[in-house]
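# Descriptive structure summary
Chain residues, written in single-letter form:
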Amino acid sequence: MGKPRILQWCTLHVLWMVVLILMAVGLAIQTLGMTDKKRMRLLEVEQAGVAAATGLEAGRPIEACRPRTHVMFLKTHKTAGSTILNILYRFGEARNLTFALPAAYQFGYPLLFNTRRVKFYTPLKPQEYHIICNHMRFFRPQVEKIMAKGTFYFSILRNPVTLVESSFTYYKGSSLAFKKVDSLEQFLSQPWRYFSPKERGSHYARNLMWFDFGFDHNANASAGYVDLALAQIEATFQLVLIAEYFDESMVLLKEALCWGLEDVVSFKLNLRNNASVKPMSEGAAEQIRAWNALDWELYAHFNRTFWRKVEHYGRERMGADVLALREKRRELTVLCLQGSSPVDASQIHDRNIRPFQYGRARIMGYNLNSNLDSRTRERCLRLVMPELQYKDLLDAKLFPSAHSGKLLQHV
């Protein structure tokens, strides 16, 4: 009887060992399976990250951002701002966006911006605006009253040397300081002899961009004051473009706004005839930088931030996008323009698209091809339409009742 009990005990012991071994094997398999699942999950996450970064998911493009439609553009003087204005006008008109427009063509300039200058605006019945872009002297508290939170603020600057040369030609009749001299060189030789801060148009003769940003154009250019002002501008404006690198600027703008290249393609507007452009000597350039020290600090600072943004965007990518933008411009030039280049205003056949002439500058414009169908002609017409005429067009669309009398007079 003893041997069977021993055998029985051994049999049970072996069975328990087998069960334990099987449980251990099962646990190992389960653990390995979970590890593989985790690895697969990690691989899926990594692939999703790559897809998001490249804009691809399962072979299809995905939306990485949404186009921004609330935009504030500070249109500084003589900095290619008219061309950017045309871009914003076209983008907004095509999407039925609402513009904050001035009663005339500027928001009470050279006074600081005030909401009272916005056509038909009343604080009793607040109006939401998508875009504001006409000339103003910037004053943030008032701008924020009419623009939504999250609005994208941007502006553009130009080298003060070429800007002053352009301003002298354009504003000689508007600035008493410029009216007193026969040439810019004469003014630069003794600027305080001709310049008075209290005289009409003094801002055109000194630190014009600084003035447009809402600061005192006659302030002392001390390091502390300049640094505080630049910090204030950086805190307000998400992007400051550089006129000398216009195409690169447009690429950065379309990226910041999540627009397409076709949205920022343009022809140069408010362009001077080369005959009225006078190159500055190095001596004159030094005098301009000294006299416009605040503008020079402003330009130098944001020129540096501009190129940091280009580096972040990627030099190779930037080069490719600039070439693509220029190709789109070339295609539109062939499609739209007669002669493929700007002409003197007197040579523009359609009087309705002749640019406004002001000062000594000879502002050029464009002739359209005559064989365009109606839809293509409208598209091309918007590309070459001078800012005053385009503003009037938008004005009539936004406020048709205010223009009904005018329209009847021309019927």
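Residues numbered from 1 in each chain as written. Predicted model: local features only at pLDDT ≥ 70, side-chain atom pairs only at ≥ 80, totals over all residues. Heavy atoms only, no water.

## Digging into the overall build of the protein chain
Along the protein chain, the regular secondary structure elements total 18 helices and nine strands. Here the protein chain holds 411 residues, and the buried ones make up 47% of them. The contacts of the protein chain with a sequence gap of at least 6 include a subset with a gap of at least 24, amounting to 73%. Of the roughly 22600 Å² of accessible surface on the protein chain, a fraction of 57% belongs to carbon and sulfur atoms. (Helix = DSSP H or I, 4+ residues; strand = E, 2+ residues; numbered from the N terminus. Buried < 20%, exposed > 50% of the residue type's maximum accessible area, 1.4 Å probe, protein only. Contact = heavy atoms within 4.5 Å. Areas by Shrake-Rupley, 256 points an atom, 1.4 Å probe, with all protein chains shown as cover.)

## Points about the environment of Tyr170
Looking at where Tyr170 falls in the secondary structure, it is placed in helix α4 (residues 160–171). Note: C-alpha distance between Tyr170 and Arg360 (190 residues apart in sequence) is 5.7 Å. Ignoring anything within four residues of it in the chain, the contact list for Tyr170 reads Lys78, Asn270, Tyr358, Gly359, Ala361 and Ile363.

## Some words on the side chain of Thr305
Within the fold, Thr305 resides in helix α14 (residues 293–313). Only 3.0 Å separates the side chain of Thr305 from the backbone oxygen of Phe302, close enough to count as a polar contact. (Polar contact = N/O pair within 3.5 Å; in protein donor to acceptor, adjacent residues only side chain to side chain.)

## A closer look at the packing of aromatic side chains
For the structure shown, the criterion picks out 32 aromatic pairs. For the pair Phe120 and Phe399, a centre-to-centre distance of 5.0 Å together with 80° between the ring planes defines the contact as edge-to-face. Highlighted residues: Phe120 in the loop between α2 (81–94) and β4 (131–132) and Phe399 in the loop between α17 (387–398) and α18 (400–410), separated in sequence by 279 residues. Accessibility expressed as a relative area gives 57% for Phe120, which makes it exposed. For Phe399, a relative accessible area of 16% translates into the label buried. Measuring from centroid to centroid gives 5.1 Å for Phe306 and Trp307, while their planes differ by 90°, and the two rings are edge-to-face. When its relative accessible area of 0% is taken as the criterion, Phe306 is described as buried. Assessed through its relative accessible area of 22%, Trp307 is described here as partly exposed. Grouped by ring-pair contacts, the aromatic residues Phe168, Phe178, Phe187, Trp192, Tyr194, Phe195 and Trp291 constitute a single cluster. Across the ring face of Phe211, the terminal group of Arg137 is positioned such that the distance to the ring centre comes to 3.8 Å. (Phe/Tyr/Trp six-rings, centres within 6.5 Å; stacked < 30°, edge-to-face > 60°. Lys NZ or Arg CZ within 6 Å of the ring centre and 35° of its normal.)

## What about helix α10 (residues 223–236)?
Under the 1.5 Å per step criterion, the end-to-end length of α10 is 20 Å for 14 residues, consistent within 8% with the ideal 20 Å. Burial in α10 covers these residues: Val226, Ala229, Leu230, Ile233 and Thr236. The arc that holds the buried residues of α10, viewed along the axis, is 125°, so those residues lie on one side. In α10, the exposed positions angled more than 90 degrees off the buried face are occupied by Ala223, Leu228 and Ala235. (Expected span 1.5 Å × (residues − 1). Arc of directions from axis to C-beta.)

## Focus on the sheet that holds strand β9 (residues 363–365)
On the basis of which strands lie adjacent, the open sheet formed by three strands has the order β7-β9-β8 and antiparallel pairing. With partners counted over all chains shown, the strands left at the sheet margins are β7 (271–272) and β8 (343–344), one partner each. (Pairing = 2+ DSSP bridges.)

## Brief notes about the confidence of the model for the protein chain
For the protein chain, per-residue confidence averages 87 on the pLDDT scale, and 82% of positions sit at 70 or higher. Note that residues 27–62 has pLDDT below 50 and, in this model, ten contacts with residues that lie over four places away or in other chains. Note that residues 407–411 has pLDDT below 50 and, in this model, zero contacts with residues that lie over four places away or in other chains. (pLDDT = per-residue confidence, 0-100.)

## Details of the environment of Met250
Checked against the element boundaries, Met250 lands in helix α11 (residues 246–257). Taking C-alpha positions, Met250 is 8.2 Å from Leu261, a pair spaced eleven residues apart along the chain.

## Focus on the sheet that holds β4
Spatial ordering of the open sheet is given by β4-β3-β5-β6, a layout of four strands whose pairing is parallel. Each end of this open sheet is capped by a strand with a single partner; those strands are β4 and β6 (239–242). Across four bridges, strand β5 (residues 152–157) lies against β6 in parallel orientation. Each bridged residue has a counterpart across the sheet, and for Phe154 the counterpart in β6 is Leu239.

## Things to note about unusual backbone geometry
The omega torsion of the bond from Tyr109 to Pro110 falls at 15°, within 30 degrees of zero and hence cis. Position of Pro110 among the secondary structure elements: in the loop between α2 and β4. At Cys258, a residue that is not glycine, the phi angle is positive and equals roughly 60°. With respect to the secondary-structure elements, Cys258 resides in the loop between α11 and α12 (261–264). Owing to a relative accessible area of 16%, Cys258 belongs among the buried residues under this scheme.

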